[in-house]
Amino acid sequence: MSPRYFNQTGWTAIFNGTDTETGRTVHVEGWDQTTGTALVVDTKRGALRPVTDYEDFSHLERADQVVAAVPGGGWRVHWKDEGPGGTPLTEQVLAWLITSRGRAKAITVDAQGHVEDADSADAFIPPGEDPVS
């Protein structure tokens, strides 16, 4: 699941990259109280740093803020060819993440415990219905 789409502030910073740094998407952690500039974590310095301090800063994009999580409620998701050897795959919806924009995103967990979103699913199967053929 891409962290690009979820964070506490509702914003991500987009960086194009340089000769020594690849392009990246970074969570905005807060805002400078004096200038209003978005702040991101500088892992090399171990401190918050304004996005405008980076030469490759491009722009900010809206991100969803998760405001609630509700149980999967018996829903399942189905992919036509995501199972072993391109076979069909059906997984339980672990939870629905509800965002500040009113969206519901299905989250699944596989047999190895990996949590993923179900954005690429071919079908959503309501409780009590048979899997897609």
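Structure: see above.
Residue positions are given per chain, counting from 1 as you read along its sequence in written order. The model is predicted, so local features are restricted to residues of pLDDT at least 70 and side-chain atom pairs to those at 80 or more, both for listing and for counting; the totals for chains, interfaces and linings are taken over all residues. As a convention, hydrogens and water are excluded, and side-chain values are obtained from all of the structure's heavy atoms.

## Let's talk about the nonpolar core
Taken as a class, soluble globular proteins show a tendency for nonpolar side chains to be buried jointly.
Move 1: Definition used in this section: a nonpolar core is a set of buried Ala, Val, Leu, Ile, Met, Phe, Trp, Tyr and Cys residues joined via side-chain atoms within 4.5 Å. Note on classification: 1.4 Å probe, protein chains only; a residue is buried when its accessible area is under 20% of the maximum for its type, exposed when over 50%, partly exposed between these limits. One finds Ala13, Phe15, Val26, Val28, Ala38, Val40, Val51 and Tyr54 forming the largest nonpolar core, which totals eight residues.
Move 2: By the criteria applied, helices consist of DSSP H or I runs no shorter than four residues and strands consist of E runs no shorter than two, each listed in order from the N terminus. When contributions to this core are tallied by element, the ones reaching two or more residues are strand S1 (11-15) and strand S4 (38-42).
Move 3: In contact with Val26, not counting residues within four places along its chain, are Thr12, Ala13, Phe15 and Val40.
Move 4: Of all hydrophobic cores here, the second largest spans seven residues; its members include Trp79, Val93, Trp96 and Ala118. Between two residues, a contact is recorded if the distance between any of their heavy atoms is within 4.5 Å.

## Things to note about the pairing of strand S8 (residues 76-79)
Move 1: Burial along S8 is two-sided: Arg76 and His78 and Val77 and Trp79, pointing in opposite directions, are all buried.
Move 2: Two strands pair if DSSP finds at least two bridges between them. In this sheet, strand S9 (residues 89-99) lies alongside S8 in antiparallel orientation, the contact comprising four bridges. Note that in S9 the partner of His78 across the bridge is Thr90.
Move 3: In this sheet, strand S12 (residues 123-125) lies alongside S8 in antiparallel orientation, the contact comprising three bridges. Of the residues in S12, the one forming a bridge with His78 is Ala123.

## Points about the sheet that holds S4
Move 1: With respect to topology, three strands assemble into an open sheet ordered S3-S4-S5, the strand pairing being antiparallel. Lying at the two open borders of the sheet, with one neighbouring strand each, are strand S3 (30-31) and strand S5 (47-50).
Move 2: With two bridges joining them, S3 and S4 adopt antiparallel strand pairing. For Trp31, the partnering residue across the bridge sits in S4 and is Ala38.

## A word on the sheet that holds strand S2 (residues 24-27)
Move 1: Strand order in the open sheet formed by three strands is S2-S1-S6, and the pairing between neighbours is antiparallel. In the strand order of this sheet, the two ends are held by S2 and strand S6 (57-62), each with one partner. Strand-to-strand twist in this sheet, taken as the mean axis angle between neighbours without regard to direction, amounts to 30 degrees.
Move 2: As judged from the five bridges shared by S1 and S6, these two strands associate in the antiparallel manner. Residue pairing across strands places Ala13 opposite Leu60, the latter belonging to S6. Axes here mean lines fitted to C-alpha atoms, for a helix over just the part in contact, with angles spanning 0 to 180 degrees between N-to-C directions.

## Observations regarding the packing of aromatic side chains
Move 1: The criterion for an aromatic pair is that two Phe, Tyr or Trp rings (for Trp, the six-membered ring) have centres within 6.5 Å, with stacked assigned to planes under 30 degrees apart, edge-to-face to planes over 60 apart and tilted to the rest. Scanning all chains against the criterion turns up four aromatic pairs.
Move 2: In this structure an aromatic cluster arises from ring pairing among Phe15, Tyr54 and Phe57.
Move 3: Note on criteria: charge over ring means Lys NZ or Arg CZ within 6 Å of the ring centre, with the direction from the centre no more than 35 degrees off the ring normal. The ring of Tyr54 carries Arg49 above its face, with NZ or CZ at 4.1 Å from the centroid.

## Regarding a nonpolar patch on the surface
Move 1: The patch calculation keeps residues exceeding 30% relative accessible area without a salt bridge and links them within 9 Å when they carry like charges or within 5 Å when they are nonpolar (Val, Leu, Ile, Met, Phe, Trp, Tyr). Working definition of accessibility: Shrake-Rupley area with a 1.4 Å probe, residue cover restricted to the visible protein chains. The term salt bridge refers to a pairing of a side-chain nitrogen on Lys or Arg with a carboxyl oxygen on Asp or Glu at a separation within 4 Å. Residues Leu94, Val109 and Val115 make up a contiguous nonpolar surface patch of about 220 Å² in total accessible area.
Move 2: One can find Leu94 in strand S9.
Move 3: Classification of Leu94 as partly exposed rests on a relative accessible area of 47%.

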